[in-house]
Amino acid sequence: MRICPKCAQKGTEPFCGRDGTPTLRVVDYHPGTPGLVGKLVGDRYRLLSILGEGGMGCVWFGEHIRLRQPVAIKLIHASHSSDAQQRLRFEREALAMSRVQHQNIIRVYDFGFAEGIGPYLA
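Quick caveat: nothing in here was measured; it's all calculated off a predicted structure. (Residues numbered from 1 in each chain as written. Predicted model: local features only at pLDDT ≥ 70, side-chain atom pairs only at ≥ 80, totals over all residues. Heavy atoms only, no water.)

K.L.:
Before we move on, can you summarise the overall build of the protein chain with the specific residues and values?
P.N.:
Tallying secondary structure elements over the protein chain gives two helices and nine strands in all. Listing the helices and strands of the protein chain from first to last along the sequence gives β-β-β-β-β-β-β-α-α-β-β. Sequence separation of at least 24 residues holds for 31% of the intrachain contacts in the protein chain that already meet a minimum separation of 6. In the form shown here, the protein chain has an accessible surface area of approximately 7700 Å², with 52% of it arising from carbon and sulfur atoms. (Helix = DSSP H or I, 4+ residues; strand = E, 2+ residues; numbered from the N terminus. Contact = heavy atoms within 4.5 Å. Areas by Shrake-Rupley, 256 points an atom, 1.4 Å probe, with all protein chains shown as cover.)

What follows is the structure, given as structure tokens:
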């Protein structure tokens, strides 16, 4: 399945049928993150599907529930979220990225700690 990061339309084509935006391939399940689809993060973001995984965590496709806007949400793996050094590193990354503004770099709007899920970056 593929999803448009702009309008959240789902489909199978590499470009959105509504606005022509390149679509993202979505993976619905990942062994390290069972049961998170549909969960709320920070009382603002609903996790819809996993987009990918890196060394520290996973990136999810979600939506801001009040604004009904698509959003990418980075979650730290549980194995790192209890480590104070890793959490401090994550917070520094969020603060640094929130100051960067460029058309080719994703913008950070929010970060925090979600009970039962851990640190997140939106």
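From this point, the discussion proceeds with the structure in view.
K.L.:
Describe the nonpolar core, naming the residues involved and giving the relevant values.
P.N.:
Ranked by internal contacts, the top residues of the largest apolar core, which has 14 residues, are Val41, Tyr45, Leu47, Trp60, Ile73, Leu75 and Tyr120. Listing elements by their share of this core, those giving two or more residues are β5 (45–53), β6 (57–64) and β7 (69–76). Setting aside residues up to four positions removed in sequence, leucine 47 forms contacts with Leu36, Val37, Gly38, Lys39, Val41, Trp60, Phe61, Ile73 and Leu75. Core analysis: the second largest hydrophobic core is formed by six residues, Met56, Phe90, Ala94 and Val108 among them. (Core = buried A, V, L, I, M, F, W, Y, C linked by side-chain atoms within 4.5 Å. Buried < 20%, exposed > 50% of the residue type's maximum accessible area, 1.4 Å probe, protein only.)

K.L.:
I'd like to hear about the layout of surface pockets, residue by residue, with values.
P.N.:
Of the volumes computed, that of the largest pocket is approximately 660 Å³. Considering the residues around the largest pocket, the lining is formed by 26 residues, among which Pro70, Val71, Ala72, Ile106 and Arg107 are closest to the centre. When contributions to the lining of the largest pocket are tallied by element, the ones reaching two or more residues are β5, β6 and β7. Here the lining of the largest pocket takes six residues from β7, the largest share from any one element. The class makeup of the residues in the lining of the largest pocket is 19 nonpolar, four polar and three charged. (1 Å grid on protein atoms, 1.4 Å probe; cavity = no way out; pocket = protein on both sides within 12 Å on 5 of 7 lines; lining within 4 Å. Points joined across faces, edges and corners; volume = space filled by probe spheres on them. Nonpolar A, V, L, I, M, F, W, Y, C, P; charged D, E, K, R; others polar.)

K.L.:
Could you give an account of the environment of tyrosine 109, with specific residues and numbers?
P.N.:
Inspection of the secondary structure assignment puts tyrosine 109 in the loop between α2 (84–99) and β8 (111–114). Judged by relative accessible area, which is 64%, tyrosine 109 ranks as exposed. Expressed as a C-alpha distance, the spacing of tyrosine 109 and leucine 121, which sit twelve residues apart in the sequence, is 8.0 Å.

K.L.:
Tell me what's going on with the sheet that holds strand β3 (residues 24–25), and back it up with residues and numbers.
P.N.:
Strand order in the open sheet formed by three strands is β2-β1-β3, with antiparallel pairing between adjacent strands. With partners counted over all chains shown, the strands left at the sheet margins are β2 (10–11) and β3, one partner each. (Pairing = 2+ DSSP bridges.)

K.L.:
Requested: an account of the sheet that holds strand β4 (residues 40–41), with residues and values cited.
P.N.:
Here six strands make up an open sheet; going across it, the order is β4-β5-β6-β7-β9-β8 and the pairing antiparallel. With partners counted over all chains shown, the strands left at the sheet margins are β4 and β8, one partner each. Its contacts with the sheet place α2 against β7, β8 and β9 (118–121), and it is angled at close to 15° to β9. (Axes fitted to C-alpha atoms, helices over the stretch in contact; angles between N-to-C directions.)

K.L.:
Explain the side chain of threonine 21 to me, and be specific about the residues and the numbers.
P.N.:
For threonine 21, the position within the fold is in the loop between β2 and β3. Judged by relative accessible area, threonine 21 falls into the buried class, the value being 14%. Setting aside anything within four residues of it in sequence, one finds threonine 21 in contact with Cys4, Pro5, Lys6, Pro14, Phe15 and Cys16.

K.L.:
I'd like to hear about the pairing of β9, residue by residue, with values.
P.N.:
As paired elements, β7 and β9 share two bridges and run antiparallel to each other. The partner of leucine 75 across the bridge, within β9, is tyrosine 120. As paired elements, β8 and β9 share four bridges and run antiparallel to each other. Looking at the pairing, alanine 114 lines up with glycine 118 of β9.

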